[in-house]
Amino acid sequence: MSMHMGSQLRTVGRAGGVLCIGRLYCDLVFSGIDGAPAPGTEEFAQGITLMPGGGACITSAWLVAQGRPAWLCATLPSGPFTDAITGELMRAGADLSLCSPADPATDPQVTVVIPSGADRSFVTRRSGPAATLPDADDLSSLPVSHVHIGELATLVQMPEILTLARDAGLTVSLDCGWDDSLTRAEVLSLIQDVDVFLPNRTEQAWLDRIGVPLGTAPLTVVKLGADGAAGHCPLGHQHVPGEPTNVVDATGAGDAFNAGFLHSWIDGNPVPDCIVQGNHCGRMAVGAMGGTGALLEADTQE
Ligand SMILES: Nc1ncnc2c1ncn2[C@@H]1O[C@H](COP(=O)(O)OP(=O)(O)OP(=O)(O)O)[C@@H](O)[C@H]1O
Ligand SMILES: [Mg+2]
């Protein structure tokens with residue numbers, strides 16, 4: 001079964017950069033605790049890390065780390081949280097010229113990450129627009145061939161991203177992210193219209209329950225944690241096992257996976273090879289705190 005699904009979709013001639021659009025958070029990642037405290041009790045964490053978070057941001061950093069130019073289009077978290085993450089954002093190397101300041105009247109976009117075993121849970125404050133989109137002229141002047149959208153909720157909020165990308169002849173990928181307030185009517189046609197859909201196992205199970213089955217998108221790659229990932233398209237499906245490793249923090253593993261997968265897919269490689277690259281990045285990401293911690297460590301070791 002050859003899974004060259006989508007190769008005819010890819011545009012040639014544009015430089016191969018990626019525009020990543022999505023919500024940008026200040027992640028407060030706790031460590032040294034196992035799960036949220038029971039009501040009325042208190043847990044004392046061994047550590048806390050402030051990192052830029054959100055799918056688009058983390059994926060853009062891992063694309064740059066693989067040598068692919070990336071642009072981040074997002075609203076910066078307001079208040080003191082922008083300063084807390086600006087240094088790491090700059091270091092990660094994505095072009096930030098399409099990031100815009102938040103309306104000071106809106107709450108800062110913050111995610112509290114509470115690890116529990118090899119997984120984690122989030123408490124997130126989401127406010128205001130996810131991003132200010134470039135206009136068609138600005139987009140056509142960028143050396144990009146692909147748009148990656150960090151979460152489904154952002155595409156529901158801004159469906160015009162698809163028209164903007166298609167009019168510019170770009171391919172489009174979409175991560176899912178968890179938001180069970182979304183409805184089938186809101187998401188079905190959007191998922192059908194992207195080239196690559198990248199949910200994790202829990203998110204695809206939720207979509208199945210609301211009547212958005214596997215195979216709604218032309219190519220769906222389901223991320224399976226330590227089990228790796230599986231590609232699904234009309235030509236068939238293929239599971240590529242992961243490279244099991246010890247988890248320091250699972251936050252951002254899926255976004256790192258997206259970057260590995262897309263870096264290989266944009267170059268026209270067969271889907272199983274793209275999943276291998278995705279697994280590699282995902283595995284590295286769980287070995288450090290936060291979505292880009294492993295890149296920070298790799299940088300300081302050079
Ligand atoms: N314990 C692990 N050992 C090896 N690889 C892992 C492990 N956990 C995750 N990965 C790799 O990272 C990828 C993405 O992880 P996961 O399935 O947890 O995505 P996710 O839930 O979307 O993550 P997030 O949304 O926090 O970024 C997996 O497909 C796999 O390649
Ligand atoms: Mg994810």
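Everything here concerns the structure above.
Attention here is on the structure that accompanies the text. On a predicted model such as this, the values are computed, not experimentally measured, just so you know.

For the rest of this paragraph, the subject is the sheet that holds strand β7 (residues 144–149). Taken together, the 8 strands give an open sheet; going across it, the order is β4-β1-β7-β8-β9-β10-β11-β12, and neighbouring strands pair in mixed fashion. Across the chains shown, the open sheet's two edge strands, defined by having one partner strand only, are β4 (70–73) and β12 (236–240). Going across the sheet, the axis of each strand differs from the next one's by a mean of 15 degrees, ignoring polarity. Relative to strand β10 (residues 219–223), helix α7 (residues 201–209) is tilted by about 125 degrees, and along the sheet it contacts β8 (171–175), β9 (196–198) and β10.

Close contacts around ligand 1 come from 21 residues, with Arg120, Gly225, Gly228, Gly254 and Asn279 the closest. One of the side-chain N or O atoms of Asn200 is found 2.8 Å from an oxygen atom in ligand 1. Asp255 is positioned with one of its backbone polar atoms (N or O) 3.4 Å from an oxygen atom of ligand 1. Relative to its free-state accessible area of 630 Å², ligand 1 is covered by the protein chains to the extent of 90%. The greatest single-element share of the shell around ligand 1, amounting to 4 residues, is contributed by helix α8 (residues 253–266). Residue composition of the shell around ligand 1, grouped by class: 8 nonpolar, 8 polar and 5 charged.

As a further point, take the sheet that holds strand β3 (residues 47–53). A sheet is described by the order of its strands in space; here 4 strands give the open sequence β3-β2-β5-β6, paired in mixed fashion. Each having just a single partner strand, β3 and β6 (119–125) make up the two edges of the open sheet. The sheet shows a mean angle of 25 degrees between the axes of neighbouring strands, taken without regard to direction.

Thresholds applied
Residues numbered from 1 in each chain as written. Chains lettered and ligands numbered in written order. Predicted model: local features only at pLDDT ≥ 70, side-chain atom pairs only at ≥ 80, totals over all residues. Heavy atoms only, no water. Pairing = 2+ DSSP bridges. Helix = DSSP H or I, 4+ residues; strand = E, 2+ residues; numbered from the N terminus. Axes fitted to C-alpha atoms, helices over the stretch in contact; angles between N-to-C directions. Contact = heavy atoms within 4.5 Å. Near = heavy atom within 4 Å. Polar contact = N/O pair within 3.5 Å; in protein donor to acceptor, adjacent residues only side chain to side chain. Areas by Shrake-Rupley, 256 points an atom, 1.4 Å probe, with all protein chains shown as cover. Nonpolar A, V, L, I, M, F, W, Y, C, P; charged D, E, K, R; others polar.

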